[in-house]
Amino acid sequence: MTPIAIYSLGGVLLFSLGISGLFLCRHPLRKILAMNFAGSGVFTVFIAMASRQPAVASDPVPNALVLTGIVVAVSATAVALALYRRLVTSTDDGEPTEQSSG
Amino acid sequence: MPDVTESAWLIGPVVVPLATALLMFVLGRRWRVPLVSATVAILGFTTAVITWRVWQQGPQTHPLGNWRAPLGIALYADGLSCLMLLMSVVVGGFVSFYSLAYWGPSEPAVDPVESGSGGPPDRQSVEMFWPLWLLLWTALHALFLSGDVFNLYVTLELLTLAAIGLAVLDGQRAAVEAALRYLLVALAGSLLYLAGVALLYAAYGTLDIALLGQRVAVDDSSRAAVVLVFLGLMLKTALFPFHFWLPPAHGSAPAPVSALLSGLVIKGSFYILLRLWFDLFPAEVTRPLAMLPTVLGTLAILWGSLQALLAVRLKMLVAYSTVAQIGYLFLVFGLVRAETADGFAAWSGCLLFAFSHACAKGSLFLAAGTIRRAAGHDRIRDLPAAARGLPLTFFSIGIAAVALMGLPPTGAFIAKWMLLKAAFSGGQFGIAVIIVVGGLLAAAYLLRVLSASFTKLPETESEVALRPVPRLLEQVTFGLATVSLLLGLASAPAIALLRIGSPWASTVVHEPWASTVVHEATP
């Protein structure tokens, strides 16, 4: 098995792990972590893709995409953590709202 | 090589709200009214110019920084982009003026009823509405004008992050809970989409939509990519059964924010799905998948309408109505599936429906906000008392309800007419039945609200104290509702605009759409 195949498969595995964690875990922090797993999985696939042809130099476009993706993922994680912190620190019940039963 | 400065107009809708968003941070409150008015005016002008140029010259492409594809990132506008831009500018403009009055200098920063019991009303957080909303507007316009699948991912994330910030503005616990769920679902959606983009790039070596459209073949890569892209964007658009985050998120946000989330934000991810499904993937790849969105859309119409019938609060009713109306948007994939079907009728009908829904749903949420501000609640049971003091608001609800039900002469009527026409031409009578039943269900739940205007009050209750609300709130709501009504009259040019650059652009027009539709509509 070539290193590229290992990276690709590993990425797909990480991604599936993350997405299933996002839906199966109940704790918000676990969900946020799972989301980061899934993101890393996609980035790994991108990186593996960049060096598919060993003869030529690696393709810079996927690297640039991963850098952008990391910035997006970091900001999203920050927002999610801030929301979670607000949820934990707020003790009020607010006014009763209708529960979504869907 | 075409002159780059010629197409530079395309930058306008992105740069203008971005610049004012940053200015909002720097300049004080005194500058808010002139800044917002100037933004809306300049956006309206640039969008009009872009639409005019597309109308005259066909689809426009602007290579950013003069770097051309495949290396550069292009902005692209065709009829579809223009219609979406117009929708965003119209709905966004009305909501902006509503917000000026809603959070005006004389108004309380946060409604005592809306702020829950969590701490003192936080003026600071309301101040954040303007930068966040203008950034959301920026992201939405960048999304509608993007000609690059990775850029679409970035704009989609920007849109989500800005929307999350807006949804938690008044800091209710319910809103924060809903926003966290929304964020996680949205992130799952965009990661699935990104995985699809990775597959496309791996297989075809470009991210430019126009180039991809030429290169995408019927193979395993494109089949897997379309599944990932569809799943991701379905999550983001809140199609049943992934709608669970939408009603609490839209129902517990401040009224102007709900109007933006329901009217505009969900259209962003739907636009991407529509664009890629029809412009990028070959029919052989999408056809086997097309029944799934149709079935889920049908379930969404039924489930959303049922929940709207059962809702206790007006804002929840309107939010569940959005779940149902999203179902309508997804019927288009099944309608175009049939080979004999009039694909353009289904496609343009769907987009007209999206536009009409944005205006009608926006004004319904704004009306709910006004009622809540005046009466201190939005319980549907107690609406008759509020209806006495707010005649213009209830009139607006009436117009918006007519538009949502799809009665003539609204835009939604023409839209449903075209969807039905496509269903019959494709022999898909099941979908035709759903379209009609969905309209009846919408009438049923909206009449729950409308009947408030006609209920005779017991003598004792006739004098219910309503807090005074700025007239502008009522007038803006009325204006937006009127747009959804007038859209029916402007549907002929809108449909002609949609044809420019669409996959059906080259098909022969046997008869002008306009005259047929309007003629058939008025017997």
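Thresholds applied
Residues numbered from 1 in each chain as written. Chains lettered and ligands numbered in written order. Predicted model: local features only at pLDDT ≥ 70, side-chain atom pairs only at ≥ 80, totals over all residues. Heavy atoms only, no water. Helix = DSSP H or I, 4+ residues; strand = E, 2+ residues; numbered from the N terminus. Buried < 20%, exposed > 50% of the residue type's maximum accessible area, 1.4 Å probe, protein only. Contact = heavy atoms within 4.5 Å. Areas by Shrake-Rupley, 256 points an atom, 1.4 Å probe, with all protein chains shown as cover. Rg over C-alpha atoms; globule rule 2.2 N^0.38 Å. Lys, Arg positive; Asp, Glu negative; His and termini not counted. Charge placed at Lys NZ, Arg CZ, Asp CG, Glu CD. Phe/Tyr/Trp six-rings, centres within 6.5 Å; stacked < 30°, edge-to-face > 60°. Lys NZ or Arg CZ within 6 Å of the ring centre and 35° of its normal. Buried area = accessible area lost by both parts, 1.4 Å probe. Salt bridge = Lys/Arg side-chain N within 4 Å of Asp/Glu carboxyl O. Polar contact = N/O pair within 3.5 Å; in protein donor to acceptor, adjacent residues only side chain to side chain. Nonpolar A, V, L, I, M, F, W, Y, C, P; charged D, E, K, R; others polar. pLDDT = per-residue confidence, 0-100. Expected span 1.5 Å × (residues − 1). Axes fitted to C-alpha atoms, helices over the stretch in contact; angles between N-to-C directions. Parallel < 35°, antiparallel > 145°, perpendicular 65-115°, else oblique.

Caption draft 1: Layout of the overall build of chain A. From N to C terminus, chain A includes 3 helices and 0 strands. Helices and strands in chain A line up, N terminus first, as α-α-α. Taken over 102 residues, chain A has a buried fraction of 33%. Counting contacts in chain A only where the partners sit at least 6 residues apart, residues at least 24 apart contribute 55% of the total. When the accessible area of chain A is evaluated, it comes to approximately 6000 Å², of which 68% is carbon and sulfur surface.

Caption draft 2: Broad picture of the overall build of chain B. When helices and strands are tallied, chain B shows 22 helices and 2 strands. Taken over the C-alpha trace, chain B has a radius of gyration of 22 Å; the compact-globule value for 523 residues is 24 Å, and the two agree within 12%. Reported as C-alpha extents along the three principal axes, the dimensions of chain B are approximately 70 × 55 × 40 Å. In chain B, buried positions account for 64% of the 523 residues. Of the contacts formed within chain B by residues at least 6 apart in sequence, a portion of 82% connects residues at least 24 apart. Carbon and sulfur atoms provide 69% of the accessible area of chain B, an area that totals close to 17700 Å². Distance between charge centres in chain B, computed from 30 positive and 27 negative side chains, equals 5 Å.

Caption draft 3: Inspection of the packing of aromatic side chains at higher detail. All names here are of chain B. All chains considered together, the criterion is met by 24 aromatic pairs over all chains. A centroid spacing of 5.2 Å and a plane angle of 80° characterise the contact between Tyr-102 and Trp-103, whose relative ring orientation is edge-to-face. Like Trp-103, Tyr-102 is buried. Residues Phe-270 and Phe-333 carry aromatic rings whose centres are separated by 6.2 Å and whose planes lie at 65° to one another, so their mutual orientation is edge-to-face. Of this pair, Phe-270 sits in helix H11 (residues 255-279) while Phe-333 sits in helix H14 (residues 314-337), and the two are 63 residues apart along the sequence. On the accessibility criterion, Phe-270 (2% relative accessible area) is buried. Judged by its relative accessible area of 1%, Phe-333 falls in the buried class. Of the aromatic side chains, those joined through ring pairs into one cluster are Phe-230, Phe-270, Trp-277, Phe-278, Phe-330, Phe-333, Phe-344, Trp-347 and Trp-504. Over the aromatic face of Tyr-102 sits the side chain of Arg-373, whose NZ or CZ is 4.2 Å from the ring centroid. Across from the ring centre of Phe-344, 4.1 Å away, lies the NZ or CZ of Arg-499, which sits over that ring.

Caption draft 4: Spatial organisation of the interface of chain A and chain B. Each partner contributes to the interface: chain A provides 39 residues, whereas chain B provides 44 residues. Between chain A and chain B the total buried area reaches about 3600 Å² when both faces are included, carbon and sulfur atoms providing 73% of it. For the pair chain A and chain B, the interface holds 0 salt bridges. Where chain A meets chain B, there are 2 residue pairs in polar contact (both at pLDDT 80 or more). Sorting the residues of the side of chain A that touches chain B by element identifies helix H1 (3-24), helix H2 (28-50) and helix H3 (60-89) of chain A as the ones contributing at least two each. Top element by residues in the side of chain A that touches chain B is H3(A). It accounts for 14 residues. Here the residues of the side of chain A that touches chain B are counted per class, giving 22 nonpolar, 10 polar and 7 charged.

Caption draft 5: Quick look at the pattern of salt bridges. Residue and element names in this part refer to chain B. Going through the model one piece at a time under the given rule, you end up with 12 salt bridges over all chains. For Arg-32, the salt bridge identified is with Glu-127, shortest N-O distance 3.2 Å. One end of the pair, Arg-32, is in helix H2 (residues 32-57); the other, Glu-127, is in helix H4 (residues 123-127), with 95 residues separating them in the sequence. A relative accessible area of 10% places Arg-32 in the buried class. Here Arg-379 makes a salt bridge to Asp-382, at a shortest N to O gap of 2.8 Å. Arg-379 gets classed as partly exposed once you look at its relative accessible area, which sits at 35%. Residue classification places Asp-382 among the partly exposed residues on the basis of a relative accessible area of 26%.

Caption draft 6: Just the confidence of the model for chain A, in detail. Scored by pLDDT, chain A comes out at a mean of 83, with 84% of its residues at no less than 70. In this model, residues 93-102 of chain A is a region of pLDDT below 50 whose contacts with residues beyond four sequence positions or in other chains number 20 contacts.

Caption draft 7: View of helix H15 (residues 343-375) of chain B. Here H15(B) contains 33 residues, and its C-alpha end-to-end distance of 47 Å stays within 8% of the 48 Å for a straight helix at 1.5 Å per residue. Phi for B:Gly376, located one or two positions after H15(B), is positive at around 85°.

Caption draft 8: How the structure looks around unusual backbone geometry. Residues and elements named next belong to chain B. Across the junction of Phe-240 and Pro-241, the peptide omega takes the value 0°, indicating a cis bond. With an omega of 5°, the peptide bond running from Pro-408 to Pro-409 counts as cis. Inspection of the secondary structure assignment puts Pro-409 in the loop between helix H17 (391-405) and helix H18 (411-425). Backbone geometry at Asn-66 places phi at a positive 60°, although glycine is not the residue there.

Caption draft 9: Representation of the environment of B:His357. All names here are of chain B. By the element assignment, His-357 lies in helix H15. Classification of His-357 as buried rests on a relative accessible area of 4%. Setting aside anything within four residues of it in sequence, one finds His-357 in contact with Ser-262, Ile-266, Lys-267, Thr-322, Gln-325, Gly-362 and Leu-404. Of the polar contacts made by the side chain of His-357, one reaches the side chain of Lys-267; its length is 2.9 Å.

Caption draft 10: Here's a closer look at helix H9 (residues 220-237) of chain B. Residues and elements named next belong to chain B. Compared with an ideal rise of 1.5 Å per residue, which puts 18 residues at 26 Å, H9 spans 26 Å between its outermost C-alpha atoms and is within 8% of the ideal. Along H9, the residues classified as buried are Ser-222, Ala-225, Val-226, Leu-228, Val-229, Phe-230, Gly-232, Leu-233, Met-234, Leu-235, Lys-236 and Thr-237. Capping of H9 at its N-terminal end is provided by Asp-219; its side-chain oxygen lies 3.3 Å from the backbone amide nitrogen of Ser-221. Just downstream of H9, Ala-238 is the residue with a positive phi angle, here 65°.

Caption draft 11: Quick peek at the packing of H14(B) against H15(B). Where H14(B) meets H15(B), the closest approach of the two axes is 10 Å, and the angle between their N-to-C directions is 175°. Regarding the angle of H14(B) to H15(B), the classification is roughly antiparallel.

Caption draft 12: Up close: the confidence of the model for chain B. All names here are of chain B. Of the residues in chain B, 90% reach a pLDDT of 70 or more, and the chain-wide mean stands at 86. Mean pLDDT per element in chain B: helix H22 (residues 513-521) is the minimum at 41, and helix H5 (residues 129-145) is the maximum at 95. Below pLDDT 50 for its whole length, residues 112-121 participates in 17 contacts with residues either more than four positions away or in separate chains. Low confidence marks residues 510-523, where pLDDT is under 50. Its contacts with residues over four positions away, or in another chain, come to 12 contacts. Of the two predicted TM-score estimates for the complex, the pTM is 0.90 and the ipTM is 0.87.

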